[in-house]
Structures are given as structure tokens and as C-alpha cells.
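Spelled out, the chains give:
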Amino acid sequence: MNKRRSKNIISKIVAGVLVVFLLLLAFFIFSKGYAYFNTGASKKDILNELEYEISDHTPKFEWNDNGNVGREVEDYLKYKLSQDYANALYFSNLAHDSDLSPNISEFYSPERVLEWEIRFKDQEIKQTQVISRTDLHHHIDFHLYSLDGQMLSFTDTAVICERYRLSKDKVYYRYMKVVSDVVMELRDMNWKIRHRVPRDYFETDYAHHPLKKSPAIKVANKGRFLINGQPFSPIGVNYYPAESPWALWENFNPDTLKNDFKLIKETGWNTVRFFIPYHEFGRGNTYSYELSKLDTLLQLAHEADLKVMPTLFDFIHDYRLAGRSGVDRYLENILTRYKGHPAILAWDIKNEPDLDIPHHGKEEVLSWLDFILARARKYDPDALFTIGWSIPGVADQYYDKVDFVSFHFYEEPEKLIPAIHQLSSKTKNTPLFLTEYGASTQLDWFHPFGSTEGQQYEYYRKTLNVLKTKGNIPSLCWTVHDFKEVPSKVVGSLPWRKNPQKGFGIYFTNGKMKPAGLLFSSDKHESPKKSVLPYFMQKPFFWVMFMCLILTIPFGLVIRWLFPKLKSVIFPNLNTEKP
């Protein structure tokens, strides 16, 4: 009886150890989830609502002082006036989004402040207003600038965007031109609005999509581009430097770029996609020193005989109207500066906007894309524009407004075939472009079932074959290098989401090329040497599991040997005698 009970106890202990081990294993596997690459929105920051500063509001000003009476209108006055007038309108526009009366005493004269206080106490008036509005463009016609420099009068023809709510889930946007007579006075070294009386308004096509005229770069059939009439087939890569992933501009190094662009060309790629961070570049007040870095990058790419696809907006972005003037100035500053640049193949307007829809609403995101795409075409009507969607299932949106449909794909190559078929049926004759895809070779406890080098090679081989059979669809893989560290802003700080992003490169951190790189080189046709071991046996995690299982046997034997000696201590009340 005692031997049988002892064996049962030992079996329970061994079984308990195995159960605990399997539970820990299941935790690591399932908590990792499906960590596909996502640069469209930071999951850590996406729950934090962004608040705009006044510096985000940068409407465009045009001046006409030919009819001015009084003092001459100096350039500094125009600069100061544009700041104070725009700030005053910013706060009055912001009031439509808030239940609180805005602090406008710094921007309006005391008489005007009193009018605002009365207005915002009247909830009946407040409820009849539009949900939100913002001013985008001002054309100022000066009438009088007093000789003492204390008073100004002018007519302002302003373009504003108003957002109305049609129903619980539907909103309506309209663009208006509002003509107002304005009087401002200088108080406490700031220009404050004394009177502003609208006298005319009418709708405008400010966000209209103009047609291209005679572009030097066109999209031909079957994924081919024409550059000055010559065929060009994009095959390339997404790029961050190995030592500064997601910090290209912060740690900008022309020598690194020059070496990397040479490596990219030698690998067999001809196109590079990179990202221009909106906030880091100064938003509407775009920094000249950041633009000079972009000048250098484009020049180095051109010298290396590479085409580039810059992405203008990435990560979480606030889609409220209050920031539209800032993104409009940002677009104007960049697109007019690089209009017709020989290195630019196309512009990617926004990276993975579909990931922001659950958090900001579909109407908000799509309206923002409408506005950005229209304004981008105004500043460079001959350029090619696209939007990079995170999955092919939603990439048919705007297919009739972009020059080609850009989508990302990180699943098995076999699933790419039906995805392309379905997308093609929705987008009709609009060309497709796979602008992100890849497989990570990072293998650790938090990514135990990642790809081996051989699996990555097979992933790329099969994917490229699918793209070829589906009409030579262009592609940009992710990415050039492996990374030693990945910032938490990319996919958060959880290791099972963060660590896999380190191993997507075609090159290791030491500069050695992985076998998958052979697929892109036109002069390297050999296949990599295959291991005699199956793929699952090439992964360190497999050997850890194998050793754990092997050690379980002697561990159980040790427990069985020790149990008779310890059972009196562990189980003092255990009756070992036969009844």
C-alpha cells in the first residue's frame, strides 16, 4: 500500500512539473500573438489623445497692401499680424470642439471678449454650431494702417473647413470662402481683434483633385513604370540605418547613407522607401536644417542611381481639423521644394492609415486623406501619389484617386495569391505595388517560431514568384539591415512584439548577407546550402524544449530516490503502515 501511494505521489509531482512547464510555454507562445510589422501606429501612444499647440495652426497668408492708407506695411508687421490673427482664430475655432469657453483675452479686445462670454453662455447658440472648423488660407487686403501704428483695418478672404454631424456615425465636410472686414488694435505689444464682421461667404473647391499635366514618370501596365519614356521595374527595400532604426534624421550621417545606398545598389535593388517624420521636421513651420538633410539624402540616392519613395506621414496622427493648416504647410514646403527631383519615383502620403481608423473613426481618417491627397496634387500635380495600406483587404480604398495601389503583406506567400486576386477585382486597372513584406529571423524565447535563414529564403522565393506570376507586381521588402535595438514607439515595449522587429533584415548586424539576398542579385543564381536538419530542429527553442524533456526523466528518478528519505519531513502525517 505504501509503495503504491509513494508512486502515485511521485507521479503527481512529475506531472505537476510538466504541467507548469507546458503552461509557461503556452503563455509565451499565445501572448506573443501574431506580431506582424506595424509602423502605422504606436500601440503604446495610440490611447493618448494628442493636444494641439498653437504652433500646429499655420494657415497660409497672402498680402495685398496696394490700397493701404497711412503708414507703410512692413514685413515684420505682416509676420507679427499673421501670428496674432491666426492664434485668435485658432482659439475661436477650437471653441467649437469644447464645452468650455476659450481663453481669448490675449487675442481679442475687452469689448470683443465680453461678446464671446455672452455667446458661449448661450447653450442654445452653441448647439446650433458646426462640430468644428478651422481656417486654412487668408488673403489680406489692407485698407488702413494708422500713423501711430496702433490700428489696422483690412479685408480678409479666408478659406475655412467646417465639419457638420449628419447622424451618429456620419459627418459632412465643406470648404467655404468667408469675406470679413476686420479691425485690429495694438494692445500690450500684441495685435488683438476689435471687430470682425463676415459679409460674404460661398463654397469653394479648395480640396479638389486637379489632373496631372505632363508627368515625367508614369505607371504603365503590369507594374511597370515609364521614366521619360523608358521602362523601369521597381524592386527595392524599405530603409533605416542599421545603427539608428526609426531615428534616421535624429542621427543623420551622410557617410552611412552613401555606404548603405552603395550596398543597396550592389544587392540588386533599384528603389528605396523611407519615412519623413512630420513632427520632427517641424510640422507647418518646417525646419530648414531638416530639409537640408533631405536634400542630401535625395542627392546621394540620385548619385547611386536609386529611385526613392518618401513616406510623408507615419505613426499616430491627430486627424482633427485644428491641425489641417499645419499639414497643408508641411506638404507645400516639401512638395514644392522637390518638385521634379530626378530621384523621386513617387510619394507615399500616409503609412497604414487603416490602423488609425478604429481609434479616430473612419469618417475622420478618410476625410483627412481626401484633404491631404488633394493638396498634395495641387503642390505637385505631375508627381505620383499613393497610400500605404497595412493589408490588401482594405487597399482598394482610393484606388481611383491614387496612381497605384500600395499594400503591405506579412503572411504566408500562399495567402498572397487570393489576396491579390481579390484586390485586383476591386481596383480594376489600377496597378498594384507591394511596398512592405518580409520575414524575421529573430529566434528567442519571445519569438520561438520565427524563420530560420532557410525559411526566410523560401518566404522571399515564393513571394517573388507569386508577384511575377500575377503580372510582375513591383515590391519593396522590409528591410536592409537587422537591428540591435528597436525603439518602443514602433510596436510597444512588450518583448514578444518588439524583438521580432530586430531580425527582418537581409543583412545581419555584422554586415553579412543572409541567403535571401541571393534572390535579388542578378549575377548570383546559386541557391543557399541546405541544412540536413529540418527547419524546426534548427531553432534554439526546439533544443531547449528537447533538453527539458530529456532532463525530466533523470529529474523524476532523482525525486523518486530522494522521496523515501524526505517523505517523513514533507509528509509527516503520512501513514506508511498497512492498515
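Draft legend 1. Here's a closer look at unusual backbone geometry. A cis geometry characterises the amide bond from Trp 478 onward to Thr 479, with omega recorded as 5°. Phi at Asn 228 takes a positive value of approximately 50°, unusual for a residue other than glycine. Structurally, Asn 228 is set in the loop between β8 (225-227) and β9 (230-232). We note that Asp 305 has phi near 60°; this positive angle belongs to a residue other than glycine. Secondary-structure assignment places Asp 305 in the loop between α6 (288-303) and β12 (307-313). A relative accessible area of 54% means that Asp 305 is categorised as exposed.

Draft legend 2. Inspection of the nonpolar core at higher detail. Trp 249, Phe 261, Ile 264, Ile 276, Leu 312, Phe 313 and Trp 347 are the most contacted members of the largest nonpolar core, which totals 95 residues. Looking at this core element by element, the count peaks at 9 residues for helix α9 (residues 362-379). When neighbours within four sequence positions are excluded, Leu 312 is seen to be in contact with Ile 276, Tyr 278, Tyr 330, Leu 331, Ile 334, Leu 335, Trp 347, Asp 348 and Ile 349. Counting 22 residues, the second-largest nonpolar core is a separate cluster that includes Tyr 90, Phe 91, Phe 142 and Leu 152.

Draft legend 3. Fine view of the confidence of the model for the protein chain. On average, residues of the protein chain score 82 in pLDDT, and 74% of them reach the 70 mark or higher. Predicted confidence for residues 31-52 stays below pLDDT 50, and this span has 71 contacts to residues more than four positions away or in other chains.

Draft legend 4. Examining the environment of Ile 217 more closely. Along the chain, Ile 217 turns up in strand β7 (residues 217-219). For Ile 217, a relative accessible area of 13% corresponds to the buried category. Sequence separation of Ile 217 and Asn 228 is 11 residues, and the distance between their C-alpha atoms is 6.3 Å. Residues within four places of Ile 217 in sequence aside, it is in contact with Phe 225, Leu 226, Ile 227, Ile 344, Leu 345 and Leu 384.

Draft legend 5. Structural context of the packing of helix α5 (residues 254-267) against α6. The geometry of α5 relative to α6 is characterised by a closest axis approach of 10 Å and an angle of 30° between their N-to-C directions. Looking at the two axes, α5 sits roughly parallel to α6. With respect to the hand of their crossing, α5 and α6 are arranged in right-handed fashion. Residues Pro 254, Leu 257, Lys 258 and Phe 261 of α5 lie in contact with α6, whose contacting residues are Thr 296, Leu 297, Leu 300 and Ala 301. Among the residues forming the contact of α5 with α6, the class breakdown is 6 nonpolar, 1 polar and 1 charged.

Draft legend 6. Highlighting the packing of aromatic side chains. A complete count under the given rule lists 36 aromatic pairs for this structure. Between Trp 249 and Phe 252 the ring centres are 5.7 Å apart and the planes differ by 5°, which places this aromatic pair in the stacked class. For the pair Trp 249 and Phe 252, a shared accessibility class is recorded, and that class is buried. Among the aromatic residues, those joined into a cluster by ring pairs are Phe 61, Trp 63, Tyr 85, Phe 142 and Phe 154. For Lys 514, the ring lying beneath its charged end belongs to Phe 508, and the centroid distance is 5.1 Å.

Draft legend 7. Structural context of the side chain of His 408. Along the chain, His 408 turns up in strand β15 (residues 405-408). Here Glu 352 takes part through its side chain, which lies 2.8 Å from a polar atom of the side chain of His 408. Only 3.2 Å separates the side chain of His 408 from the side chain of Thr 435, close enough to count as a polar contact. If we skip the residues at most four places from it in the chain, His 408 touches Arg 273, Asn 351, Glu 352, Gly 388, Trp 389, Ser 390, Ile 391, Pro 392, Leu 434, Thr 435 and Glu 436.

Scoring rules and cut-offs
Residues numbered from 1 in each chain as written. Predicted model: local features only at pLDDT ≥ 70, side-chain atom pairs only at ≥ 80, totals over all residues. Heavy atoms only, no water. Helix = DSSP H or I, 4+ residues; strand = E, 2+ residues; numbered from the N terminus. Buried < 20%, exposed > 50% of the residue type's maximum accessible area, 1.4 Å probe, protein only. Core = buried A, V, L, I, M, F, W, Y, C linked by side-chain atoms within 4.5 Å. Contact = heavy atoms within 4.5 Å. pLDDT = per-residue confidence, 0-100. Axes fitted to C-alpha atoms, helices over the stretch in contact; angles between N-to-C directions. Parallel < 35°, antiparallel > 145°, perpendicular 65-115°, else oblique. Left-handed = near helix turned anticlockwise from the far one by under 90°. Nonpolar A, V, L, I, M, F, W, Y, C, P; charged D, E, K, R; others polar. Phe/Tyr/Trp six-rings, centres within 6.5 Å; stacked < 30°, edge-to-face > 60°. Lys NZ or Arg CZ within 6 Å of the ring centre and 35° of its normal. Polar contact = N/O pair within 3.5 Å; in protein donor to acceptor, adjacent residues only side chain to side chain.

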